[in-house]
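Here is what each chain is made of, one letter per residue.
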Amino acid sequence: MKIAILTGAGVSAESGLGTFRDKGGMWTKYDLDEVATPQGFVRNPALVHDFYNARRANCVQAAPNAAHDALARLEKSAHDVTLITQNVDDLHERAGSQAVIHMHGSLTQATCAVCHATWVAPLVMAPDDPCPDCAAPATRPDIVWFGEVPYHMDQIAKVVSEADLFVAIGTSAEVYPAAGLVEIAQGRTLEVNLAPSAQANAFEDHLIGPATKVVPDWVAGLL
Ligand code: APR
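Residues numbered from 1 in each chain as written. Predicted model: local features only at pLDDT ≥ 70, side-chain atom pairs only at ≥ 80, totals over all residues. Heavy atoms only, no water.

Enquirer: For the overall build of the chain, give the residues involved together with the corresponding values.
Expert: The number of helices and strands found in the chain is ten helices and nine strands. Taking 17 Å as the expected radius of gyration for a compact globule of 223 residues, we find that the chain reaches 17 Å, a close match to that expectation. Dimensions along the principal axes, computed over C-alpha positions, put the chain at roughly 50 × 35 × 30 Å. For the chain, long-range pairs separated by at least 24 residues make up 59% of all intrachain contacts whose partners lie at least 6 apart in sequence. Here the chain has roughly 10,300 Å² of accessible surface; of this, 55% comes from carbon and sulfur atoms. Taken together, the 14 basic and 26 acidic charged side chains of the chain have centroids lying 4 Å from each other. (Helix = DSSP H or I, 4+ residues; strand = E, 2+ residues; numbered from the N terminus. Rg over C-alpha atoms; globule rule 2.2 N^0.38 Å. Contact = heavy atoms within 4.5 Å. Areas by Shrake-Rupley, 256 points an atom, 1.4 Å probe, with all protein chains shown as cover. Lys, Arg positive; Asp, Glu negative; His and termini not counted. Charge placed at Lys NZ, Arg CZ, Asp CG, Glu CD.)

Enquirer: For the site of the ligand, give the residues involved together with the corresponding values.
Expert: By nearness alone, 22 residues border the ligand, and Phe 20, Trp 27, Thr 171, Ser 172 and Asn 193 come closest of all. The side chain of Arg 21 places a nitrogen or oxygen atom 2.8 Å from an oxygen atom of the ligand. Here the ligand has 730 Å² of accessible area as a free molecule, and 92% of this is covered by the chains. Grouping the constituent residues of the shell around the ligand by class yields nine nonpolar, ten polar and three charged. In terms of domain composition, the shell around the ligand takes at least three residues from each of domain 1 (1-15 + 64-104 + 149-223) and domain 2 (18-61 + 107-143). (Near = heavy atom within 4 Å. Polar contact = N/O pair within 3.5 Å; in protein donor to acceptor, adjacent residues only side chain to side chain. Nonpolar A, V, L, I, M, F, W, Y, C, P; charged D, E, K, R; others polar. Domains from an automatic or database assignment.)

Enquirer: Account for the pairing of strand 8 (residues 188-193), with residues named and values stated.
Expert: The buried fraction of strand 8 amounts to five of the six residues, a majority that puts the element mostly inside the structure. As paired strands, strand 7 (residues 165-169) and strand 8 are joined by five bridges and run parallel to one another. Across the sheet, Phe 166 pairs through a bridge with Thr 189, a residue of strand 8. Where strand 8 and strand 9 (residues 205-208) come together, four bridges link them in parallel fashion. In the sheet register, Val 192 faces strand 9, and the bridge partner there is Leu 207. (Buried < 20%, exposed > 50% of the residue type's maximum accessible area, 1.4 Å probe, protein only. Pairing = 2+ DSSP bridges.)

In short, geometric facts, not functional conclusions.
What follows is the structure, given as structure tokens:
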């Protein structure tokens, strides 16, 4: 079976990485206009680097959880699995998943705002770091900010529309275009979340509960 899986912050929550919109979430503590937009980066690059340096440090200390592990097992099975993640952490990869599409970029990568070269991000980035390719002091985390176009959208649309099953795990479905992917799914649709998301009505099937419990049980049923 072809399975397309969209993951959000909820899949990494039990690894200790914060979500965005839950009580106490990242966007209740930080102003997203200041730390997650191109305009905020122009106004105060040091603040933006500090925010992502802290997130990179958290990510390095975190470990994949039972949900990441189960999704990696599913990929190794006879099913044809593609993971599409909104997460910028690398916990899917560290759990062993290989077909991972990072639609919102990656904390582990840096990019140059001038020449668009990309390279492995150092643990700590700073505004004056020169680009290794063109030397411009315009390096930024390779993260898709609000107002920017997510990566790999053509590939994602193809994978989702061709899948026999589309599953969304741990995402509030508040951010487009990720939230709209369920609309182009042609196969069966399943939402896994602690609570129904903003798009819950668009899904046929629902599993409610923590990802570390629900995802391994669901994967075990498929294997
Ligand atoms: N198990 C399952 N679901 C969970 C868990 C858990 N342990 N903990 C939280 N959730 C669910 C919440 O109920 C919520 O629906 O995960 C979702 C997290 O939602 P958000 O914080 O909005 O995260 P996400 O949907 O990934 O955000 C999308 O917004 O700011 C951006 O770019 C950022 O990629 C991110 C995008």
